[in-house]
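A look at the structure
Listed below are the residues making up each chain.
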Amino acid sequence: MMERVAEYPRPPLLLPCERHVRVETFGKVLADTRCSLRLLETFHPPTYYLPPEVMNLEMLVPAPGRSFCEWKGVARYFDVVAADGRRLERALWQYPDPSPPYQALAGWFSLYPGKMEGCWVDGEQVTAQPGGFYGGWITADVEGPFKGDLRHPELI
């Protein structure tokens, strides 16, 4: 079923998801699960949040800086570090203490799919949401326009 992101709600909706999500980087599996949370927000492709127990935590190192979301609260960031020292800076984030409507996100990880070697949903490789700030996952069943797309400056 096609989802139109223009019809996603504001404030965002958080839904449990059983689709198969897999993330790889530096030749390793960073996450592989059928238990995630999808965040749906107007004009954004879904953002997937993954539970800490499915993450390759050995690859994650806390990164400096924080950001604030008007809906979810304060996020902290993580770098992904390969065994040989290569690093993806601020590639993941989590909300350690999200605002009450989003408490289910506490401690779960999301990431920028454009920084990874690959992210898949049910075997389909995703396309990263345009713009360096956004972490949405575009699949064939999600229809834009998407926030961050330069062809739609009214959404940037």
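Conventions used here
Residues numbered from 1 in each chain as written. Predicted model: local features only at pLDDT ≥ 70, side-chain atom pairs only at ≥ 80, totals over all residues. Heavy atoms only, no water. Helix = DSSP H or I, 4+ residues; strand = E, 2+ residues; numbered from the N terminus. Pairing = 2+ DSSP bridges. Axes fitted to C-alpha atoms, helices over the stretch in contact; angles between N-to-C directions. Salt bridge = Lys/Arg side-chain N within 4 Å of Asp/Glu carboxyl O. Buried < 20%, exposed > 50% of the residue type's maximum accessible area, 1.4 Å probe, protein only. Core = buried A, V, L, I, M, F, W, Y, C linked by side-chain atoms within 4.5 Å.

Further remarks concern unusual backbone geometry. Glycine aside, negative phi is the norm for most residues, and most peptide bonds take the trans geometry. Omega for the peptide link from Arg-10 to Pro-11 comes to 5 degrees, which places this bond in the cis form. In this structure, Pro-11 sits in the loop between β1 (3-4) and β2 (13-17). With an omega dihedral of 15 degrees, the bond running from Gly-144 to Pro-145 counts as a cis peptide bond. Locating Pro-145 in the fold gives a position in the segment after β15 (142-143).

Across five bridges, strand β8 (residues 73-81) lies against strand β9 (residues 87-94) in antiparallel orientation. In the sheet register, Arg-76 faces β9, and the bridge partner there is Gln-94. Between the end of β8 and the start of β9, which pair antiparallel, lie five residues, with Gly-85 showing a positive phi angle near 95 degrees. In the sheet, β9 pairs with strand β10 (residues 109-111) via three bridges, with the strands oriented antiparallel. The residue of β10 that forms the bridge with Leu-92 is Leu-111.

This paragraph deals with the sheet that holds β9. Here four strands make up an open sheet; going across it, the order is β7-β8-β9-β10 and the pairing antiparallel. Unpaired on one side and paired on the other, β7 (60-69) and β10 mark the two borders of the sheet. On average, each strand axis in the sheet is inclined to that of its neighbour by 35 degrees, with strand direction left out of account. In the sheet, β7 pairs with β8 via eight bridges, with the strands oriented antiparallel. Among the inter-strand pairings, Arg-66 is bridged to a residue of β8, identified as Arg-76.

Below, the discussion takes up the pattern of salt bridges. Going through the model one piece at a time under the given rule, you end up with 12 salt bridges. In this structure, Arg-4 engages Glu-143 in a salt bridge whose closest nitrogen and oxygen atoms are separated by 3.7 Å. Placement of Arg-4 in strand β1 and of Glu-143 in strand β15 is noted, with a sequence separation of 139 residues between them. Its salt-bridge partner being Asp-79, residue Arg-87 comes within 2.7 Å of it at the nearest N-O pair. Judged by relative accessible area, which is 42%, Arg-87 ranks as partly exposed. Each of the salt bridges in this network shares a partner with another, and the network as a whole consists of Arg-4, Glu-7 and Glu-143.

The next subject is the nonpolar core. Val-23, Leu-30, Val-80, Leu-92, Leu-111, Met-116 and Trp-137 are the most contacted members of the largest nonpolar core, which has 24 residues in total. Contributions of two or more residues to this core are made by β3 (21-25), β4 (28-33), β8, β9, β10 and β11 (118-121). Residue contributions to this core peak at three residues, all from β9. Leu-37, Ala-75, Tyr-95 and Leu-105 belong to the second-largest nonpolar core, a separate cluster that totals 14 residues.

This is a description of form; function is not addressed.
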